[in-house]
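Residues per chain, in single letters:
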Amino acid sequence: MLEGLSESLTQTMKKLAGMSIIDKKTLKDVTKDIQRALIQSDVNVKVVFGLTKKIEKRALEEELPKGLSPKEHVMRIVYQELVNLIGEKPEELKINRKPYKIMMLGLQGSGKTTTTAKLVKHLKKKGHTSAIVCTDTWRPAAYEQLRQLTEPLDVPVFGDPENKDAIDLAKKGLEKCGSKYDVILVDTAGRHKEEKDLLDEMAELSQIVQPDEVILVIDGTIGQQARSQAETFKKTTDIGSIIVSKLDGSAKGGGALSAVAEIRAPIKFIGTGERVDDFEAFDPERFISRLLGMGDLDTLIEKAAEVTSEKSDKEMIDSIISGKFTLKDMENQLEMMNKMGPIQQIMKLIPGLGNQLPANASKVTEEKLGMYKILMNSMTTYELENPEVIKKSRINRISRGAGLTNDDVKDLLKYYNVTKKALKGMGKRNMSGPMGKLMR
Ligand code: GDP
């Protein structure tokens, strides 16, 4: 997510490494880098200059807090100011009445339909039932798209591609839902002949639906234009929260997030890919620590917790964190990562791993997953638990048993060693390392 920005900010942070006193030159160097990185991510230039000025002023004027080195002091300020740029505290979606009616707004192509399905899945994980009312009369395919996306979730979609009256669709849909479901999501059109017609329809629908919350979906790839888009919608309906989609691989995501934060509309979720699982609650602090290459242990554990119900999996997470990591753990871990989503994304959440992995390392991993499984199947439990004993003769036996080559076994062992090294001390780094101290 926001790879370019993350990479340049992580590199910038490294410049602070040798800083033993707060010297103006290094500071200037660092703020110049931050400016460059943020402007490239389409953050408003004026905002960027305001931010770096503040970082410089605070770094030079604030007293060095007890227990922090000058380097940590500056890192903390950069971290705090970047968090402020995108919104400080996380805002949760609170389902506090039944049915809780959510109206989904967004221009066509913003990812509104996909996001609606993502939100339904999120709600299901939280234990809420939901139903969707489709009122998009401009894109009849939206109804079918919603049905397909939500079919595995067993969520009803009420709509009628033949009906051209959005208000009628809303009324009928709401009637059918009654008070059976915890949440009713009303999906709306994203396009009209004229923008004014679209906004008028939203206002009228809002009168009928009486939503408890209006959520606007904004495409993260539009950068700072997100601000005017949000403002336009805000004029007609009371936007309660925003979801910024397509933050995966978007060069302008930083601009979109900061532009939305500027108008004080809380971003509650972000979309990070095309799959319904590529969705996460937005937490500015976590987001920035990930962006700065500090990893995000909490998100990783949360994601893991969603797919792990058995105790053995939880033990496995503990063993990863404590640094005891065997081939058996890796086998489970690969299995679990497979369930959690593209390994590339999961890796990003692992402190210290995200920015160190060669660009194609995790891709290779996904492709090789099958081969690794076959190899591990021909290993003994003893070997899986004590991989260091796997030397020449065992390698020969394993490769023969798996019908693969010795190089394949070596490749697996190499991958295991790299992963083990990267994971080693990850818990320590987060909890008690210098950055752990800064976050508290
Ligand atoms: P709508 O017209 O606003 O309903 O948009 P759709 O939900 O149909 O999405 C438009 C396109 O954006 C589709 O190809 C989606 O797969 C894609 N999309 C939606 N959300 C994301 C996201 O978070 N990341 C990426 N990469 N693509 C997304």
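This one's a predicted model, so the numbers in the text were calculated from it and none came from an experiment.

Enquirer: Looking at this structure, how should I read the overall build of the protein?
Expert: When you go through the protein residue by residue, the secondary structure sums to 21 helices and eight strands. Burial statistics for the protein: of 440 residues in total, 52% are counted as buried. Pairs at least 24 residues apart make up 72% of the contacts formed inside the protein by residues separated by at least 6 positions. Summed over all atoms, the accessible surface of the protein reaches about 21,000 Å², with 50% contributed by carbon and sulfur.

Enquirer: Help me understand unusual backbone geometry in this model?
Expert: Leave glycine aside and you will find that most residues have negative phi; peptide bonds, for their part, are mostly trans. Between Lys-98 and the following residue, Pro-99, the backbone shows a cis peptide bond with an omega angle of -5°. Within the fold, Pro-99 resides in the loop between helix 4 (70–86) and strand 1 (100–105). Although it is not a glycine, Asp-42 adopts a positive phi angle of roughly 70°. With respect to the helices, strands and loops of the structure, Asp-42 is situated in the loop between helix 2 (24–40) and helix 3 (45–61).

Enquirer: What is the right way to look at the packing of aromatic side chains in this model?
Expert: Any two aromatic rings considered together are summarised by their centre-to-centre distance and by the angle between their planes. Counting across every chain of the model gives three aromatic pairs. Both rings, one in Phe-282 and one in Phe-287, keep their centres 5.4 Å apart while their planes meet at 65°; by these two values the pair is edge-to-face. Overall, the relative accessible area of 2% leaves Phe-282 in the buried class.

Enquirer: Looking at this structure, how should I read the pattern of salt bridges?
Expert: Charged atoms that come close allow side chains of opposite charge to pair. The tally for this structure, following the rule as stated, stands at 26 salt bridges. Two residues, Arg-275 and Asp-278, come together in a salt bridge whose shortest N-O distance is 3.5 Å. Across the pair Glu-280 and Arg-290 runs a salt bridge whose closest N-O atoms are separated by 2.9 Å. Within this pair, whereas Glu-280 is found in strand 8 (residues 279–281), its partner Arg-290 is found in helix 11 (residues 284–291), the two being separated by ten residues in sequence. Sharing partners across several salt bridges, the network here consists of Lys-15, Asp-29, Asp-33 and Arg-36.

Enquirer: Help me out: how do you make sense of the nonpolar core in this one?
Expert: Side chains of nonpolar character tend, in soluble globular proteins, to be buried together. Ranked by size, the top nonpolar core spans 67 residues in total, and within it Leu-38, Leu-82, Ile-242, Leu-257, Phe-287 and Ile-288 carry the most contacts. Counting residues per element, this core draws most heavily on helix 4, which supplies nine residues. When residues are assigned to domains, this core turns out to be shared by domain 1 (3–86) and domain 2 (100–287), each giving three or more. If we ignore the near neighbours within four places in the chain, the residues touching Leu-257 are Ile-86, Val-244, Leu-247, Ile-267, Ile-270, Phe-282 and Phe-287.

Enquirer: What is the right way to look at a nonpolar patch on the surface in this model?
Expert: Residues Ile-39, Val-45 and Phe-49 make up a contiguous nonpolar surface patch of roughly 230 Å² in combined accessible area. Tracing the chain through its elements places Val-45 in helix 3. Residue classification places Val-45 among the partly exposed residues on the basis of a relative accessible area of 40%.

Enquirer: Even after reading the chapter, I still don't get helix 5 (residues 112–125), so can you show me in this structure?
Expert: For an α-helix, 3.6 residues make a turn, and residues three or four places apart therefore share a direction. Counted at 1.5 Å a residue, the expected span for helix 5 with its 14 residues is 20 Å, and the 20 Å between its end C-alpha atoms agrees. Counting buried residues in helix 5 gives ten out of 14 residues, a clear majority hidden from the surface. Those residues of helix 5 that fall on the buried side of the exposure criterion are Lys-112, Thr-113, Thr-115, Thr-116, Ala-117, Lys-118, Leu-119, Val-120, His-122 and Leu-123. Following helix 5 by one or two positions, Gly-127 adopts a phi angle in the positive range, close to 95°.

Reading the values: the criteria
- Residues numbered from 1 in each chain as written.
- Predicted model: local features only at pLDDT ≥ 70, side-chain atom pairs only at ≥ 80, totals over all residues.
- Heavy atoms only, no water.
- Helix = DSSP H or I, 4+ residues; strand = E, 2+ residues; numbered from the N terminus.
- Buried < 20%, exposed > 50% of the residue type's maximum accessible area, 1.4 Å probe, protein only.
- Contact = heavy atoms within 4.5 Å.
- Areas by Shrake-Rupley, 256 points an atom, 1.4 Å probe, with all protein chains shown as cover.
- Phe/Tyr/Trp six-rings, centres within 6.5 Å; stacked < 30°, edge-to-face > 60°.
- Salt bridge = Lys/Arg side-chain N within 4 Å of Asp/Glu carboxyl O.
- Core = buried A, V, L, I, M, F, W, Y, C linked by side-chain atoms within 4.5 Å.
- Domains from an automatic or database assignment.
- Patch = residues over 30% accessible without salt bridge, like charges linked within 9 Å, V, L, I, M, F, W, Y side chains within 5 Å.
- Expected span 1.5 Å × (residues − 1).

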